[in-house]
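Listed below are the residues making up each chain.
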Amino acid sequence: IYTATNNQQALFDEYKTMASLGLADADIYTHIGAYYTLIKDRENAKQAYIQAKVYDKTHPIASNLLALSYVEDNEYQKAIDVLQESVNYSTSAELQARVSYYYALQKKHKEALEVLTNTLKQFPDNVEIRYLYALCLIDNGDKKTALKEFETIIKQTPKNEKYLLDYAILLHDLEKYSKMQDVLENIIEINPKNDTALNFLGYYFIDKKDSKNYWEEGRKLVERALVIKPKEISYIDSLAWYYFRIGNFEEAQKMIETLDESQDVEIALHKAEIARALKHCEDAYKYYNIVVEKAKENEFAQKGLKQLNKVCAKQNL
């Protein structure tokens, strides 16, 4: 009756009474936990799910909800353990993918890959699992094998923007720029308002191409991205870099000076390069040092510092 009338408080009271009388089982404790979750009482919810698993450690709902509780507390290994106990774990691609993800959050990339390798064998036609497997290969440093997996994925889903974007990023990392450009242009053709692809391709033209025609095309693409997301800092940074490339250092500085360099090494590097071009030596040293602190082997920062020493020698900095 209480369920039919959606009287959650009365229903919860009945379940609590049953528990106090020793009449509750895994299902009842799971319901109790769900009510605590509903009223945002996380600790009592977690204890109810734990109690449910005392009665049935394979209970699928209790296992799932308890895992989510552990994740909220960053207890990823406990979340993995309870999910793997669930009666439907061995037949659920979704649960296995979550376990892999929780391993990845702990930087246990080898374990994450092992889980997804077995999952893919079990579900070879599941494109999302293959996609996660490819990302996991990248985390494990095997980008060439990941590339083959992405090629299979794109053949199956040629218009999936998420897959295409990550494919483009991988192609960029492997320095396959021509193919990357084709993929990004394809994404923009599929969705002219994909701001990530617009900025990605625009910045590539501005940063990598040694032609003013490409720089102008890059600017147009980045400006299209900024129309969609005018406050996106990476897009503002891209446009600032365009002004740097054409030699308008003052405009470049004006655009980039409000961006937080501590959040992004690329922004810090661009600020350093612009400050060096303007012979603002103190600022340039500051920004280059931020880059070096975050990425000690950044070749652009190391080269910039050497050039800066020559430019700023007269200022004794």
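Residues numbered from 1 in each chain as written. Predicted model: local features only at pLDDT ≥ 70, side-chain atom pairs only at ≥ 80, totals over all residues. Heavy atoms only, no water.

Is there a simple way to think about the overall build of the protein chain in this case?
The helix and strand inventory of the protein chain stands at 18 helices and zero strands. Its C-alpha radius of gyration of 27 Å places the protein chain more than 25% over the 20 Å reference for a compact globule of 317 residues. For the C-alpha atoms alone, the extent of the protein chain along its principal axes is close to 85 × 45 × 40 Å. Per-residue burial for the protein chain yields a buried fraction of 43% across its 317 residues. Across the protein chain, every contact between residues at least 6 apart in sequence was considered, and the portion connecting residues at least 24 apart equals 43%. (Helix = DSSP H or I, 4+ residues; strand = E, 2+ residues; numbered from the N terminus. Rg over C-alpha atoms; globule rule 2.2 N^0.38 Å. Buried < 20%, exposed > 50% of the residue type's maximum accessible area, 1.4 Å probe, protein only. Contact = heavy atoms within 4.5 Å.)

Would you mind showing me how to read the state of the cysteines here?
Note: disulfide means a covalent bond formed between the sulfur atoms of two cysteine side chains. Counted by the stated rule, this structure contains one disulfide. One disulfide bridge connects Cys281 with Cys312, the sulfur atoms lying 1.8 Å from each other. Here the disulfide of Cys281 and Cys312 is left-handed, its torsion about the S-S bond being about -90 degrees. Taken together, the residues span a long stretch of sequence, with Cys281 in helix α17 (residues 281-294) and Cys312 in the segment after α18 (299-311) at a distance of 31 residues. In this pair, the class of Cys281 matches that of Cys312, namely buried. (Disulfide = S-S within 2.5 Å.)

I'm lost on helix α1 (residues 8-20) in this one. Help?
Residues spaced three or four apart along an α-helix face the same direction, because each turn holds 3.6 residues. Relative to the 18 Å expected for 13 residues at 1.5 Å per residue, α1 spans 18 Å between its end C-alpha atoms, a close match to the ideal helical length. Buried residues of α1: Ala10, Leu11, Phe12, Tyr15 and Ala19, and no others. Where the residues of α1 are buried, they touch α2 (26-38). Gly22 sits one or two positions beyond α1 and adopts a positive phi of about 75 degrees. (Expected span 1.5 Å × (residues − 1).)

Is there a simple way to explain helix α3 (residues 42-55) in this structure?
For α3, with 14 residues, the first-to-last C-alpha span of 20 Å sits near the 20 Å given by 1.5 Å per residue. For α3, the set of buried residues is Ala45, Lys46, Ala48, Tyr49, Ala52 and Lys53. Within α3, the buried residues cover an arc of 160 degrees as seen down the axis, which keeps them to one side. Check the buried side of α3 and you find it contacts α2, α4 (60-72) and α5 (76-85). (Arc of directions from axis to C-beta.)

Looking at this model, I keep getting lost on the packing of aromatic side chains. Mind explaining?
Aromatic ring pairs are described here by two measures, namely the spacing of the ring centres and the angle between the planes. Enumeration according to the criterion identifies 14 aromatic pairs in this entry. Aromatic side chains Phe150 and Tyr167 sit 6.1 Å apart centroid to centroid with 15 degrees between the ring planes, which places their arrangement in the stacked category. Here Phe150 is found in helix α9 (residues 143-156), whereas its partner Tyr167 is found in helix α10 (residues 161-173), with 17 residues between them in sequence. Here Phe150 matches Tyr167 in class, with each residue buried. These aromatic residues form a ring-pair network of at least three members: Tyr131, Phe150, Tyr163 and Tyr167. (Phe/Tyr/Trp six-rings, centres within 6.5 Å; stacked < 30°, edge-to-face > 60°.)

Hey, could you run me through the packing of helix α12 (residues 195-208) against helix α14 (residues 233-245) in this one?
Angle between the axes and distance between the axes are the two parameters that describe a pair of packed helices. Running from N to C, α12 and α14 cross one another at 20 degrees; their axes reach a closest spacing of 10 Å. Taken together, the axes of α12 and α14 are roughly parallel relative to one another. Of the two elements, α12 crosses α14, and the hand of that crossing is left-handed. Across from Asp195, Thr196, Asn199, Tyr203, Ile206, Asp207 and Lys208 in α12, the residues of α14 making contact are Ser234, Tyr235, Ser238, Trp241, Tyr242 and Arg245. Broken down by class, the residue content of the contact of α12 with α14 amounts to five nonpolar, four polar and four charged. (Axes fitted to C-alpha atoms, helices over the stretch in contact; angles between N-to-C directions. Parallel < 35°, antiparallel > 145°, perpendicular 65-115°, else oblique. Left-handed = near helix turned anticlockwise from the far one by under 90°. Nonpolar A, V, L, I, M, F, W, Y, C, P; charged D, E, K, R; others polar.)

Is there a simple way to think about the pattern of salt bridges in this case?
Side-chain pairing between opposite charges can occur once the charged atoms of the two side chains come close. Per the counting criterion, the structure on display carries 15 salt bridges. Here Asp73 ties to Arg42 by a salt bridge, and the two come within 2.5 Å at their closest N and O atoms. Of this pair, Asp73 sits in the loop between α4 and α5 while Arg42 is found in helix α3, placing the two residues 31 residues apart along the sequence. The partly exposed category is assigned to Asp73, whose relative accessible area is 30%. As a salt-bridge pair, Arg219 and Glu216 come within 3.0 Å of each other at their nearest N and O atoms. Separated by three residues within a single helix, Arg219 and Glu216 lie in helix α13 (residues 212-228), roughly one turn from each other. Counted as one network, the salt bridges with shared partners bring together Arg42, Lys46, Glu72, Asp73, Glu75 and Lys78. (Salt bridge = Lys/Arg side-chain N within 4 Å of Asp/Glu carboxyl O.)

Whenever I open this one, the environment of Ile228 confuses me. Can you help?
Assignment of secondary structure puts Ile228 in helix α13. Separated by 124 residues in sequence, Ile228 and Ala104 have C-alpha atoms that sit 32 Å apart. In this view, Ile228 contacts Lys193, Asp195 and Leu198; residues no more than four positions away in its chain are not counted.

Quick question: what am I supposed to make of the side chain of Arg219 here?
The buried category is assigned to Arg219, whose relative accessible area is 18%. Looking at Arg219, its side chain comes within polar contact range of the side chain of Glu216, at 3.0 Å. (Polar contact = N/O pair within 3.5 Å; in protein donor to acceptor, adjacent residues only side chain to side chain.)

Which parts of the structure should I look at to understand the environment of Gly247?
Position of Gly247 relative to the elements: it lies in the loop between α14 and α15 (249-256). Classification of Gly247 by relative accessible area gives partly exposed; the value is 38%. Spatially, the C-alpha atom of Gly247 lies 59 Å from that of Tyr89, the residues being 158 residues apart in sequence.

Explain the nonpolar core here, please?
The nonpolar side chains of soluble globular proteins are, as a tendency, buried together. Ranked by size, the top nonpolar core spans 88 residues in total, and within it Ile32 and Leu184 carry the most contacts. If we skip the residues at most four places from it in the chain, Ile32 touches Phe12, Tyr15, Lys16, Ala19 and Ala48. Leu269, Ala272, Ala284 and Val291 belong to the second largest nonpolar core, which has 16 residues in total. (Core = buried A, V, L, I, M, F, W, Y, C linked by side-chain atoms within 4.5 Å.)

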